[in-house]
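Chain and residue survey
Listed below are the residues making up each chain.
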Amino acid sequence: MKTFLKTILTLFAILLIAGLSFYFFVYNKPHVDYLKSEIEVEIQATELFSEYVSNPLAAAKKYNGKVILVSGSVNLIEQSDELVIAVMVFDDGFFGPEGVRFSLLEKQEEKIKIDKPISLKGFCTGYTGSDVILEHVSVFE
Amino acid sequence: MSFFQKISLLLIVALTLCAFNAIGQRYASRNGTVKLSYNAPHGKMETINRQVNVGLNVETGEFRLTMVMLSFRFHSAYNQEKFNEYFIQNAHFANSTFRGKIEDLHKVDFSKKGEYEVRVTGDLTLRQTTNKISAKGKFIVGDDTFSGKSVFLVNLMDFNFNIPPTMEKLIEVTFDVDLKKL
């Protein structure tokens with residue numbers, strides 16, 4: 001009986017340690033630090049936008065989910081409740097000005113000068129049908 | 001030209017201008033939010049997309065929404081990674097859209113501040129599968145802005161998701177947007 005109890009307790013302890021390890025090291029691991037992420041693709045904003053417009057699926061396969069460095073000029077900065085978005089505008093459509101939209105990391109907007117050449121690094125999430133979206137964006141210095 | 005002719009001409013020009021102004025009055029936002037909440041085996045999960053494109057033509061009631069799936073953000077890095085992996089590997093599922101109409105737009109007085117109950121009906125496309133949905137919503141008219149809010153349920157099985165039996169099939173979708181005149 002004692003051996004049986006010992007086995008059950010050992011199994012329980014192993015399961016508990018495995019569960020806690022999964023929670024702390026896998027489920028609860030920190031998010032990717034996009035400030036330190038390596039650049040996978042470098043491209044001009046005009047080229048990126050026109051690739052998505054002309055063939056959205058081919059461009060999605062090429063750029064979606066990649067950390068890319070985009071060069072161009074920011075034409076406007078929008079501020080919503082939780083996001084600061086820099087926009088490189090190339091067209092006009094149903095939803096207004098269309099182009100590449102960069103959701104900026106904290107305090108990055110201070111480094112951006114409107115209509116001046118700049119390179120921005122971020123995680124490409126795709127094309128909405130009107131804009132190419134990059135998230136977790138920082139100014140590349 | 002007589003005085004009467006001049007007045008008639010002015011009236012025609014004014015009416016034409018008004019008509020052109022009314023046609024296609026569009027309101028839009030690039031920062032609409034869509035929050036998905038669902039019950040997973042290990043508890044309630046939530047994810048939010050704050051970069052949703054929303055457009056509304058107040059003359060026709062035409063309503064459009066587009067979003068990229070990779071813009072959804074999770075609290076847990078593990079869930080974020082799994083979600084991103086799926087939509088990167090399946091680039092053809094990268095976008096979701098809704099195209100529909102506000103059925104009872106006549107109830108909304110855009111010149112009067114207030115809250116109006118409406119019904120939106122249209123086609124929701126998710127994972128390249130389109131289904132008709134109809135949801136109740138609320139329209140809030142303010143100074144130069146309109147806000148739209150809605151909470152509705154979507155059955156993942158209708159969109160051919162391969163869901164483990166332990167996971168809830170219904171997800172709650174919370175939609176929120178502040179629209180501005182274009």
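What counts as what
Residues numbered from 1 in each chain as written. Chains lettered and ligands numbered in written order. Predicted model: local features only at pLDDT ≥ 70, side-chain atom pairs only at ≥ 80, totals over all residues. Heavy atoms only, no water. Helix = DSSP H or I, 4+ residues; strand = E, 2+ residues; numbered from the N terminus. Buried < 20%, exposed > 50% of the residue type's maximum accessible area, 1.4 Å probe, protein only. Contact = heavy atoms within 4.5 Å. Pairing = 2+ DSSP bridges. Axes fitted to C-alpha atoms, helices over the stretch in contact; angles between N-to-C directions. Domains from an automatic or database assignment. Buried area = accessible area lost by both parts, 1.4 Å probe. Salt bridge = Lys/Arg side-chain N within 4 Å of Asp/Glu carboxyl O. Polar contact = N/O pair within 3.5 Å; in protein donor to acceptor, adjacent residues only side chain to side chain. Nonpolar A, V, L, I, M, F, W, Y, C, P; charged D, E, K, R; others polar.

1. Thoughts on the environment of valine 84 of chain A
Residues and elements named next belong to chain A. Following the sequence through the fold, valine 84 ends up in strand β4 (residues 84-93). When its relative accessible area of 13% is taken as the criterion, valine 84 is described as buried. Sequence separation between valine 84 and lysine 107 is 23 residues; the distance between their C-alpha atoms is 9.2 Å. Apart from the residues lying within four places of it in its own chain, the contact partners of valine 84 are Ile77, Glu78, Gln79, Phe102, Ser103, Leu104 and Glu109.

2. Observations concerning the sheet that holds strand β2 (residues 67-73) of chain A
Residue and element names in this part refer to chain A. Spatial ordering of the open sheet is given by β1-β2-β6-β7-β5-β4-β3, a layout of 7 strands whose pairing is mixed. Of all the strands in the sheet, just β1 (41-44) and β3 (76-79) have a single pairing partner and so form its edges. If you compare each strand with its neighbour and ignore which way they point, the axes differ by 40° on average. Bridge count between β2 and strand β6 (residues 117-127): 7 bridges; the pairing is antiparallel. Paired with glycine 72 across the two strands is isoleucine 118, which belongs to β6. The sheet strands contacting helix α2 (residues 45-54) are β1, β2, β4, β5 (96-104), β6 and β7 (132-139), and the helix crosses β1 at an angle near 95°.

3. Looking at the domain arrangement of chain A
Where the parts come together, the accessible area they lose is often given as the size of the interface. Structurally, chain A comprises domain 1 (1-30) and domain 2 (41-139). Here domain 1 of chain A and domain 2 of chain A have C-alpha centroids that lie 46 Å from each other.

4. Observations concerning the interface of chain B and chain A
Counting from both sides, the interface comprises 34 residues of chain B and, opposite them, 37 residues of chain A. Counting the surface lost from both chain B and chain A, the interface buries some 2,900 Å², and carbon and sulfur atoms represent 56% of this. Taken together, the links from chain B to chain A amount to 4 salt bridges. Between lysine 29 of chain A and glutamate 81 of chain B there is a salt bridge, and its shortest N-O distance comes to 2.3 Å. In this structure, the connection of chain B to chain A is made through 13 residue pairs in polar contact (both at pLDDT 80 or more). Mapped by element, the contributors of at least two residues to the side of chain B that touches chain A are β1 (26-40), β2 (43-57), β3 (62-68), β4 (73-74) and α2 (77-89) of chain B. Among the residues forming the side of chain B that touches chain A, the class breakdown is 13 nonpolar, 14 polar and 7 charged.

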